[in-house]
Amino acid sequence: MALPYPPAVAGETASTEPAVRADLAVVGAGAAGLFAALTAAREGARVALVSRTPLADTASYWAQGGIAAALAADDSPELHFADTLTAGREAGRPTAARVLCEESPARVRDLEALGVRFDSDRAGALALGLEGGHSRRRVVHAGGSSTGRRVTRELSALAATEERIQVLEPLAAGALWCHEGRCVGVVAVGPGEGALPVLARGVLLATGGAAALWSRTTNPPGAAGTGLSLALAAGAALADLEFTQFHPTALVTGGRREGFLVTEAIRGEGALLLDAYGERFVDELAPRDQVALAVQARMLEQGTDSVGLDVRSVDLARFPNVASALAEVGLDPREPLPVAPAAHYTMGGVTADLDGRSSLPGLFAVGESACTGLHGANRLASNSLAECFVFGRRAALAGLDEPAPADAPAGAPEAEPAALPPRSTREALWRGAGLARDAEGLLELLNDPFPLARSVAAACLAREESRGAHQRRDHPATDPGLEGRHAVVREGVEPRFEHWE
Ligand SMILES: Cc1cc2nc3c(=O)[nH]c(=O)nc-3n(C[C@H](O)[C@H](O)[C@H](O)COP(=O)(O)OP(=O)(O)OC[C@H]3O[C@@H](n4cnc5c(N)ncnc54)[C@H](O)[C@@H]3O)c2cc1C
């Protein structure tokens, strides 16, 4: 679209006259951003949706498993809550987990009302899948392993035609606009020269996670934590950066589709992990951190760069995007598929309360860019899409309660598109802050030129224990004193442990 934004000369402050005024500025158009934008618009609010990329570049579009919600007759939010906290290894925030588990069934119904068609069983009821760490069948899918694609397509079509949502694309938030201790807007920058200041009551970061900071990842390249970097630079607190989930079964191809995720749901349907001798070595449905560590240990023991995933007992017609990825790279599903761990999900992010409020007034964070503490040290499979909808809605409503900013506050900052991490940083993170880390590698990472990589290293160093997704070779035991505590990171300040309220 043609944008009426004023040109900014390099080195000069962007115009303080906002080109766009909205009630809510949403940054990022994945599941969380789209759902939040639609929620606010349906409350009658004007929304500016800043979207850097086309749809297929969001992690949401790539999501294969589904959305966790206690919908079965033998299930309850209480059981879902217990499984979520168990996966989180005593580092989760019970209040956030409770909100998620109680509200996700209603958000699934909302999505149905918005036109998302979930898979059903023969009786016409929602078909519920079983995934690792869940004690009940509770994962809804749309189009088998195409859940993310189906949901984001539906939501983005609605956002594009919703007259109260102004979609600003392809623009990236280059800086948060702060005035007198509040975030009052965002400065969007495009591929050409120029800056577009957007003024709003609330700014909602929905920029996704940071798993693409690591060189081996299941995520799209843009998932490098730009929202976290923006928040950090504006003085907001981040938390739980030491907790990155490594998915155990990402394809090893050495070329195209490297890191392609073979969904956990396939193990839920009976796929087996086999070592170099064709032996099983782990309970395939154990929580992800345990499976990933077992895979890595077996690879090290046997000197291989992958283990085998035997999918012969699984009907791949139910997983069409897995089948097409295998066909694309010429892998025969009658043979064990070469898989190995890859960075997949960042439990940490911008510290957020139960309505998505960050520590900076006016700034909210939702979806994978946020850290509500819900996941603790390890995310339960399929809780993240549920999080996007549950907390996306809550934050959108809370953002509308913020006071309207003054007409044209002075001092919109200069902005430029956030830099993506160089290859050297991504490799340094894989080496120094991979599945198992120690002080030596982390101290080296503290010197990395990429600020967010240094923050990750500082958080990993501060947590001198092993818990869930954070495994220290030099501190292999769990420290009971760190139970229920999260490491808060701010720009230029040593991480500090705090209790969730
Ligand atoms: C392969 C794969 C499979 C997965 N499967 C599942 C699953 O089955 N179930 C589940 O619950 N979770 C799954 N996950 C995790 C889940 O998909 C993500 O946690 C979730 O989709 C994150 O949604 P989001 O809206 O927070 O971020 P995203 O979907 O990543 O969207 C963020 C958007 O923000 C944009 N953006 C970033 N920075 C800027 C900026 N500065 N300005 C403007 N825009 C910006 C990005 O380009 C992107 O479009 C999977 C993840 C992957 C990678």
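Residues numbered from 1 in each chain as written. Predicted model: local features only at pLDDT ≥ 70, side-chain atom pairs only at ≥ 80, totals over all residues. Heavy atoms only, no water.

Caption draft 1: Structural detail: the packing of aromatic side chains. Evaluation of the coordinates by the stated rule reveals three aromatic pairs. Aromatic pair F35 and F389: ring centres 5.2 Å apart, planes at 75 degrees, arrangement edge-to-face. On the criterion of sequence distance, the pair formed by F35 in helix α1 (residues 31–42) and F389 in helix α10 (residues 383–399) is long-range, its members being 354 residues apart. F389 carries the same exposure label as F35, and that label is buried. When the centroid spacing of 5.8 Å and the interplanar angle of 70 degrees are considered together, the rings of F246 and W430 count as edge-to-face. Pair noted here: F246 is in strand β11 (residues 244–251) and W430 is in helix α11 (residues 423–432), with a separation of 184 residues, a long-range link. (Phe/Tyr/Trp six-rings, centres within 6.5 Å; stacked < 30°, edge-to-face > 60°. Helix = DSSP H or I, 4+ residues; strand = E, 2+ residues; numbered from the N terminus. Buried < 20%, exposed > 50% of the residue type's maximum accessible area, 1.4 Å probe, protein only.)

Caption draft 2: Main features of the pairing of strand β2 (residues 47–50). Side chains V47 and L49 project from β2 onto one buried face, and the interleaved A48 and V50 project onto a second face that is buried too. Direction of pairing for strand β1 (residues 20–27) relative to β2: parallel, over a ladder of four bridges. When the sheet's bridge partners are listed, V26 is paired in β2 with L49. Taken together, β1, α1 and β2 constitute a β-α-β crossover, and its handedness is right-handed. Both β2 and strand β6 (residues 165–168) contribute to a ladder of four bridges, which runs parallel. (Pairing = 2+ DSSP bridges. Right-handed = clockwise from strand over helix to strand, strands pointing away.)

Caption draft 3: Region of interest: the environment of L171. Take L171: it is sitting in the loop between β6 and β7 (172–179). Look at L171 and you get buried, because its relative accessible area is 3%. Sequence separation between L171 and R122 is 49 residues, and the spatial gap between their C-alpha atoms is 44 Å.

Caption draft 4: Molecular detail of the sheet that holds β11. A sheet is described by the order of its strands in space; here four strands give the open sequence β11-β14-β13-β12, paired in antiparallel fashion. Of all the strands in the sheet, the pair left with one neighbour each is β11 and β12 (272–274). Ignoring which end each strand starts from, the neighbouring axes of this sheet average 45 degrees apart. The pairing of β12 with strand β13 (residues 307–310) spans three bridges and is classified as antiparallel. Within β13, the position partnered with L273 by the bridge is L309. In the packing of helix α8 (residues 288–302) onto the sheet, the strands contacted are β11, β12, β13 and β14 (337–346), and the crossing angle to β11 comes to about 60 degrees. (Axes fitted to C-alpha atoms, helices over the stretch in contact; angles between N-to-C directions. Contact = heavy atoms within 4.5 Å.)

Caption draft 5: Geometry of the sheet that holds strand β15 (residues 349–351). With mixed pairing, the five strands of this open sheet are ordered in space as β17-β15-β10-β20-β21. Each having just a single partner strand, β17 (370–371) and β21 (493–499) make up the two edges of the open sheet. In the sheet, strand β10 (residues 238–239) pairs with strand β20 (residues 485–490) via two bridges, with the strands oriented antiparallel. Considered in β20, the bridge of A239 is made with V488.

That's the geometry; what it means functionally is another story.
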